[in-house]
Amino acid sequence: MNTELIALLKANMGLPLLPGLAADICIAASRIGTLVPASVIERIKPEKHEDFIFSPERIENIGEEIKPLHRAHWDETEAHRHGLPFNPDYETFIRYERAGRYVLLTLRRGGRLLGNCAMYLDKSAHTQTIIATEDTLYLLPEARKGRVARYFVAYVENAMRLIGASEINITVKTTNKAARFFRLLGYRHVENGLNKILEVENV
C-alpha cells in the first residue's frame, strides 16, 4: 500500500489541483510501498574472506561501476536472449531498492568490484512470508577460484535471514555447471523453467 500517496490525497482533499500539488501526487504515485525498512536492511554488515570483502551496497551509489559487471554477466550467461537489446532499467532498480524490495550484495578485492548478487524481496500471498528471488548472481572468473563462491553464497543466505526472508529462489542456466554447485549447498531442484523469445512488432 502506498501510504505516502494516501496521506497526500487526504491532506489535500477539496483543494484546487495546482501544478505543485499535481507534481507531488505524480511523484508519490510512482513510489512503491516499503516492504523491508532500511533499518532492517542495515543489519547486514560487511564480512572479510581472505582478501575479499563481502558487503551490502546500494545500486543507487555504484550504478556506473556495476554496469560492466552486468554486461559481462549478460555476455556469458544470457546467450538465449542475445537477439534482445541489453538495456537495464537502473531507475527501476533504484525504486525497488528505496522501497526495501531489492538488496544488492557485492564482492570486492582491493576495492575492485568482482561480483554481485541482487535479490528481489516480496511477500508470498500464500504464506505471508518474505521470499528472496535472485535477479543476478555473478562473479568474474578471477573471483571463482577456491571456495570464494561458496563463502559468498553463505554470506548472501545469512543476509537474507537477517532481514527476515524465509526462502530463496534462484535460477541457473543449462549452459553452465551452476546447478550442481547449488545442489551441493543444499538447494533442491523444484521446478523446470522454459523460455521462448517472441517476435514483437515495434509499437
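Structure: above.
Quick summary incoming for the structure in this document. (Residues numbered from 1 in each chain as written. Predicted model: local features only at pLDDT ≥ 70, side-chain atom pairs only at ≥ 80, totals over all residues. Heavy atoms only, no water.)

1. Regarding the pattern of salt bridges
Okay, so step 1: A full pass over the atoms with the stated rule returns 13 salt bridges.
Okay, so step 2: A salt bridge links Glu60 to Arg58, with the shortest nitrogen-to-oxygen separation between them at 3.4 Å.
Okay, so step 3: A salt bridge links Glu76 to Arg144; the nearest nitrogen and oxygen atoms lie 2.9 Å apart. Here Glu76, found in helix α4 (residues 59-77), pairs with Arg144, found in the loop between β5 (130-139) and α6 (148-162); they are 68 residues apart in sequence, far enough to count as distant.
Okay, so step 4: Put simply, Arg58, Glu60, Glu97 and Arg98 are held in one network by salt bridges that share partners. (Salt bridge = Lys/Arg side-chain N within 4 Å of Asp/Glu carboxyl O. Helix = DSSP H or I, 4+ residues; strand = E, 2+ residues; numbered from the N terminus.)

2. Structural notes on the packing of aromatic side chains
Okay, so step 1: Inspection of every chain in the model, using the stated rule, returns nine aromatic pairs.
Okay, so step 2: Their ring planes at 85° and their centres at 5.6 Å tell us that Tyr90 and Phe93 sit as a pair that is edge-to-face. With Tyr90 and Phe93 both in helix α5 (residues 90-98) and three residues apart, this pair spans about one turn of that helix. Here Tyr90 and Phe93 have matching classes, each one buried.
Okay, so step 3: Between Tyr96 and Tyr120, the aromatic rings sit 5.7 Å apart at their centres with planes inclined by 80°, giving edge-to-face as the arrangement. Here Tyr96 is found in helix α5, whereas its partner Tyr120 is found in strand β4 (residues 112-123), with 24 residues between them in sequence.
Okay, so step 4: Exposure remark for Tyr120: the relative accessible area of 24% places this residue in the partly exposed category.
Okay, so step 5: Through a chain of ring-to-ring contacts, the aromatic side chains of Tyr90, Phe93, Tyr96, Tyr102 and Tyr120 assemble into a single cluster.
Okay, so step 6: Here the basic side chain of Lys67 rests over the ring of Tyr90, its NZ or CZ set 5.3 Å away from the ring centre. (Phe/Tyr/Trp six-rings, centres within 6.5 Å; stacked < 30°, edge-to-face > 60°. Buried < 20%, exposed > 50% of the residue type's maximum accessible area, 1.4 Å probe, protein only. Lys NZ or Arg CZ within 6 Å of the ring centre and 35° of its normal.)

3. Let's talk about the pairing of strand β6 (residues 165-169)
Okay, so step 1: Note that β5 and β6 share four bridges and pair parallel. For Thr133, the partnering residue across the bridge sits in β6 and is Asn169. (Pairing = 2+ DSSP bridges.)

4. Describing the sheet that holds strand β1 (residues 47-49)
What holds strands together in a sheet is hydrogen bonding between their backbones, with the strands either parallel or antiparallel.
Okay, so step 1: Judged by pairing direction, the sheet is mixed, and its six strands sit side by side in the order β1-β2-β3-β4-β5-β6 without closing on themselves. At either margin of the open sheet sits one strand with a lone partner, and together these are β1 and β6. Put simply, the sheet's adjacent strands are angled 25° from each other on average, direction ignored.
Okay, so step 2: Pairing geometry for strand β3 (residues 102-109) and β4, over eight bridges, is antiparallel. Residue pairing in the sheet places Arg108 in a bridge with Leu113 of β4.
Okay, so step 3: Packed onto the sheet, α4 meets β2 (52-57), β3, β4 and β5 and runs at close to 95° relative to β4.
Okay, so step 4: Against the sheet, α5 touches β2, β3, β4 and β5, its axis set at about 105° to β3. (Axes fitted to C-alpha atoms, helices over the stretch in contact; angles between N-to-C directions. Contact = heavy atoms within 4.5 Å.)

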